[in-house]
Structures are given as structure tokens and as C-alpha cells.
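So you can see what is in the structure, the chains are spelled out below.
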Amino acid sequence: MSKRIDVKDLNVYYSKFLAVEDVNIEIEAKSVTAFIGPSGCGKSTFLRTLNRMHEVIPGGRVEGEVLLDGDNLYESGVDPVTVRSQIGMVFQRPNPFPTMSIKDNVLAGVKLNGKKISRSDADSLVEKSLRGANLWNEVKDRLDKPGSGLSGGQQQRLCIARTIAVKPQVILMDEPCSALDPISTLAIEDLINELKSEFTVVIVTHNMQQAARVSDKTAFFNIAGTGKPGKLIEYAETATIFSNPAVKATEDYVSGRFG
Amino acid sequence: MTTNALRRNGSKGQAGDKIFSGAALGAGILILATLLAVAIFLFIQALPTFTADPTLVSGGEGFLAYIFPIVIGTVIAAAIALLIATPVGIAVALFISHYAPRRLAAGLGYVIDLLAAIPSVIYGAWGYLVLAPALVPSFQWLSENLGFIPLFEGPASQTGKTILTAGIVLAVMVLPIITSLSREIFLQTPKLHEEAALALGATRWEMITMSVLPFARPGIISAVMLGLGRALGETMAVALVLSTGGLIPSLIKSGNQTIAAEIALNFPEAFGLRLAELIAAGLVLFVITLVVNLIARAIIARHKEFSGAN
């Protein structure tokens, strides 16, 4: 359970505006890949193209191929709904469904598309997913309480539990810790390390130490200037990116000289 | 002399603050005072009805026997209106907010808002001249095929001027209120929650049931209540469309009456006890509206914990 992603010659547009240009990247199964780069460089936009979430924004479209174990996400006849059930996403701000209990939040994705689940299966899936998100011990006594009553860090882990409950192949994370305090951030980072054994994880982060701590490979994105498209500058083992990058711009960025 | 530098010294900002809070308080009190004044007026003017000899009240059996049928008539007409207008209104609002292409959505929104601006006498005239005759064949069919249900007992009205027609006209009048308010609320659904649903693999409809409708629930209830307020109080359209009579269960025969129309039709010639009766009927309508609103508040409050406001 976890597949690789290959991106070939991908251009991302918002209407006529070219937001990200010509990305080629191979993301290994069961690994953690980090996208870093200055604000507005297109890393979040690119991440959203990996499960067709960028289409939600009016005018969003792509040219090129994104292959999930060889299957093109953008082939005609592919339903974005199917794509998203295989490639889950965790957002920048924790977004549990406010009207649902903690338990219902975990099961939200499982019950989609008319799927039925027995009560005992549901209970064990809730426990398994919450344990998988390191949240079980904190919430096991209040599963029927609303998810919005949890702290920010707990809410974010609830969102991760909700995502892993649907058993996706890949989990995309869009700056999952930027709204969290350092302790919650640490909890999420530990969790990412554990998730790696079962899922392919792709994470966008502003925090270079975080990229260095959690990821196996790192991709550096940059833009030449405002209004220009973002580009993938360098993609390599995380250790290489941070100690011995091949491109000058990468070195400037990771050493804190700009961005 | 020691002065505390932190102490406020009559700056302009402070004065503005005081004026504003005074004005807000005044406005709040004004509303309550108006409501109270209305209630007191209705009660005092209606008092003779409650103390009068029952045989002198219209119908000759006291006020309760007089008011009961028209209360039921009012509730039936409003219920028909809401039963039709609520699902249609929500569906139209969802179409505008989440399905229609943006340009079409804007145009449709304007048209719906325009519907709310049409005076009720126009709706009444339309119901009287166009809708009622057009409904006659359907009423005929209902009485022939579903006549065993008391609601559709024949013989059907030959003019179509029945409580069902009145309810349908009211539904059209209430529709824009429910639609515009629901649409505004649907559009305010946080993107965050919509994306949460989509990212889990939800279809558009599932996204709506998971994030849009739960978020909009209190707003929908408020919209329906506002619509109900208009349906309960609507006078002109009902007076024109309904051929009145005693309380009957059948919706497709002439008969039934609503409070607002009863008052409007009889008020010009009423004096003395009859006037007091009509005002008492108004008091009953006032109480019904109040109770309905309290119930709506209670429904909204019951789900507070899960409203997302915490």
C-alpha cells in the first residue's frame, strides 16, 4: 500500500497564467519527499496538482503527465474523485469538519461514495487510524465530542487520522505545521517518520530544519521574479541538498542568504 | 501632584465610543419597546372579545370556536408554502452557489432577488387569473384518483380558488426569501472545509452534504423562519386567491380561511365587538409567529456545540 509518483513535463496554469513550468520529478514509494522554496515559488500549487486539488480553484489546469505507478492522473476519463481517494491531502490549517464528532471526522472519508461499514469495523478503524496519528490516548474518552474542540495540534493529527483512514497510496501535506506550536510540530514530525513505513509522503514546508529532519529527498523550487513561473531548481537526497547542493541558488537558499 | 499617565483623559475616541454604545443601546431598546407596544395595543383592543357573551361573538359560540378554524387555515396555507418552497429554495440556492457557471449564477441571483420585490397584490392577481384556472384539471385528477385521502376529497373546486392554490402562491412569494438567504450562506462556507471533503475523495454532492449544508444549517432555519413569517402574515394574495369558507380537510375544495385575510376582508366594515374580534385574531397571529420563532431558536441552540463556532 503505497505507490510511486512520476511527473513528466508538467506545466501548471491558472487560466492563462503559467504558475509552474516544466517540472520533472520521480517520487519513490514509502519515502518522505520535501518541497522547499521561497513564498510564491509554486511548491504548494505543484503539490495540489498531484491529487488534482488545484482544479478546485477556478481556471486551474495542467499540461503534462502525473503518473501514479504508471497510471496518468490526467488521462481523459479519470475521475478526480478516484484520484483523491488514492492520494490524500493534509492542509496548512487544521480543518476537521466542525459539525462532526471526532469519530465521525475519522470516518468521514470512509463513508463516502455510498460505502457501508459495520459498527465493529468502524470502531476498530477509528482506533487504528487515531493510533496511527498518535492521537488515540488523548481522545479515546471523548470520541463523540466535536473535533473543533481539540487544540490546533490535535486537530491537525485528527485530519491526518481522517486521511489515513481511507488507506491512500500517497499522503500530501501542505505546510502541515505552519499553524502549530513547536511541541505539536514535533508530534507531527514524529508521525511523518512513522507514516513512511506505510505511505508515500510528500510535504511542502517553509521550515528548512523540518525538511532536513523528516525527508529522504528534497526538491528546491524557485522563481526568477514576480509574475514569472516557478521552477524545480534541484532535486536530490536531503543530505546532498543541505550540505553539497549542485546549484548556487539552492546553496544560497538553504544557507539562509535569501528567502 | 502625581498623575497616572495611563489614566484616560477625555480624548475624542472615547467620546465616539460612548455615542456609539448609546446609539446601539437606544436602537435595541426601541425594538423591544415597539414589540411591547404592539403586544399591549393588541391585548387591550382585543379584551372585549374575551369578556363578551359567547353568543354575541361571530358564529355564536365564543371566540375560541371562531378563531380555531382560521388558525388551522393559516397554518395549513403556510405549511403548504414551506413544504414547496424550502426544498426548491435550497436546491436553487445550491445550484447558484455551487453548480451554475459563474456568469449564469450572477444573472439567476438577480432574477431571484427581483422576485422578492414584486408587490403581493401582483402575486394575488396572478394566482387569481392564471394559476387557479390552470390548476383546475389537476384538482379534478386528484379528486378522482386520490379522493380516498381526506386531503384530496372531491368534488374539486371548479374555480381552483382553494387553500392549495393559495399555498402554492405563497410558496412562490416565499421562495426568493429562502433562496437569497440560503445562497448567501452557502457562499460563505469556508473553502477549508470544502477542500477537506474534496481531498478525501468526495463528489460535489458529498462535499455539499459534508461541509456546506452542516455549515449552513442555522442559516437555512433562519431563512425558512423568515419565509414562514411572510407566509403567515400574507394578506393580499390569500384574500384574492382563496374562496373562503369553513374549516374542511380537503385542500382542493373551496373553504378554509387565514387570519391575515380574514382581518383584511372584514376590517373596513367592522366596529364594536367585531373590531375587537379581528384585533384578537391579530393577537393570535402575533403569538403564533412568536412561538414559531422561539422554536426555531431552540432548534439552532440545541446544536450549538457542533456549530463550529467554538
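What counts, and at which threshold
- Sequence positions are assigned chain by chain, starting from 1 and proceeding in written order.
- For naming, the first written chain is A and the first written ligand is 1, with later ones following in the order written.
- Predicted model: local features are reported for residues with pLDDT of at least 70 only, side-chain atom pairs are reported and counted for 80 or more only, and whole-chain, interface and lining totals are derived from all residues.
- Secondary structure is summarised from DSSP: a helix means a run of H or I of at least four residues, a strand means a run of E of at least two, and numbering begins at the N terminus for each.
- Throughout, the radius of gyration refers to the C-alpha atoms, and the reference size of a globule is 2.2 Å times the residue count to the power 0.38.
- Once C-beta atoms have been placed from the backbone, residue pairs whose C-beta atoms lie within 7 Å are recorded as contacts.
- With C-beta atoms placed from the backbone, a residue counts as buried when 20 or more other C-beta atoms lie within 10 Å of its own, as exposed when 12 or fewer do, and as partly exposed for counts between those limits.
- In plain words, the nonpolar core is the set of buried Ala, Val, Leu, Ile, Met, Phe, Trp, Tyr and Cys residues that C-beta atoms within 7 Å link up.
- At least two bridges found by DSSP between two strands are what make those strands a pair.
- Axis definition: a line fitted to C-alpha atoms, limited for helices to the stretch in contact. Angles are taken between N-to-C directions and run from 0 to 180 degrees.
- Note that the term roughly parallel is reserved for angles under 35 degrees, roughly antiparallel for angles over 145, roughly perpendicular for angles of 65 to 115, and oblique for everything else.
- Left-handed is the label given to a crossing in which the near helix is rotated counterclockwise from the far helix by less than a right angle, and right-handed is the label when the rotation is clockwise.
- Gly is placed with the polar residues, together with every amino acid not listed as nonpolar (Ala, Val, Leu, Ile, Met, Phe, Trp, Tyr, Cys and Pro) or charged (Asp, Glu, Lys and Arg).

*Asks:* Is there a simple way to think about the overall build of chain B in this case?
*Replies:* Within chain B one finds ten helices and zero strands. Shown N-terminal to C-terminal, the secondary structure of chain B runs as helices and strands in the order α-α-α-α-α-α-α-α-α-α. The C-alpha atoms of chain B give a radius of gyration of 25 Å, which is well past the 19 Å a tight globule of 310 residues would have. Along the first, second and third principal axes, the C-alpha set of chain B runs to 85 × 60 × 35 Å. Here the contacts in chain B between residues at least 6 apart in sequence split such that 78% fall between residues at least 24 apart.

*Asks:* How should I be thinking about the overall build of chain A in this particular structure?
*Replies:* Regarding its fold elements, chain A presents ten helices and ten strands. Taken against the 2.2 N^0.38 rule, which gives 18 Å for 259 residues, the C-alpha radius of gyration of chain A at 18 Å falls within 12% of a compact globule. The principal-axis extents of the C-alpha atoms in chain A amount to approximately 55 × 45 × 30 Å. Here chain A, with 259 residues, has 47% of them falling under the buried criterion. Sequence-distant contacts in chain A: of pairs separated by 6 or more residues, those separated by 24 or more amount to 69%.

*Asks:* Help me out: how do you make sense of the nonpolar core in this one?
*Replies:* General note: in soluble globular proteins, nonpolar side chains tend to be found buried as a group. Counting residues in each nonpolar core, the largest one holds 151 residues, and the members touching the most others are Ala77(B), Ala81(B), Leu170(B) and Val174(B). Not counting the four nearest positions on each side in its chain, Ala81(B) is found in contact with Gly167(B), Leu170(B), Ala171(B), Val174(B) and Ala231(B).

*Asks:* How should I be thinking about the sheet that holds strand β4 (residues 60-68) of chain A in this particular structure?
*Replies:* In sheet architecture, strand pairing relies on hydrogen bonds along the backbone and comes in two forms, parallel and antiparallel. Residues and elements named next belong to chain A. The mixed open sheet is built from ten strands, whose spatial order is β5-β4-β1-β2-β10-β9-β3-β8-β7-β6. Strands with a single pairing partner mark the edges of an open sheet, and in this sheet they are β5 (71-72) and β6 (87-90). The pairing of β6 with strand β7 (residues 170-174) spans four bridges and is classified as parallel. Its bridge partner being in β7, Val90 is matched across the sheet by Met173.

*Asks:* I tried to follow the interface of chain A and chain B on my own but got confused; where do I start?
*Replies:* Often, the extent of an interface is quoted as the loss of accessible area on bringing the components together. Counting from both sides, the interface comprises 22 residues of chain A and, opposite them, 19 residues of chain B. Among the secondary structure elements, those contributing two or more residues to the side of chain A that touches chain B are α2 (80-86) and β6 of chain A. When residues of the side of chain A that touches chain B are assigned to their parent elements, the largest contribution, three residues, is made by α2(A).

*Asks:* Teacher, can you tell me more about unusual backbone geometry here?
*Replies:* Peptide bonds are mostly trans, and most non-glycine residues show a negative phi. All names here are of chain A. A positive phi angle is found at Asp69, which is not glycine, with a value near 50°. Given 12 C-beta atoms within a 10 Å radius, Asp69 is considered exposed. Non-glycine residue Asn134 carries a positive phi angle of around 55°. Tracing the sequence through the fold places Asn134 in the loop between α4 (119-132) and α5 (136-139). A residue is classified by how many C-beta atoms lie within 10 Å of it, and Asn134, with 17 of them, is partly exposed.

*Asks:* Would you take a moment to explain the packing of helix α6 (residues 152-165) of chain A against helix α7 (residues 182-195) of chain A for this structure?
*Replies:* If you want to describe how two helices pack, look at the angle between their axes and the distance between the axes. Residue and element names in this part refer to chain A. Where α6 contacts α7, the axes come no closer than 9 Å and their chain directions differ by 20°. The angle between α6 and α7 places the two elements in the roughly parallel class. Here the hand of the crossing between α6 and α7 comes out right-handed. Only Ser184, Ala187, Ile188 and Leu191 of α7 make contact with α6, whose side of the interface consists of Gly152, Gly153, Gln156, Arg157 and Ile160. Partitioning the contact of α6 with α7 into residue classes produces four nonpolar, four polar and one charged.

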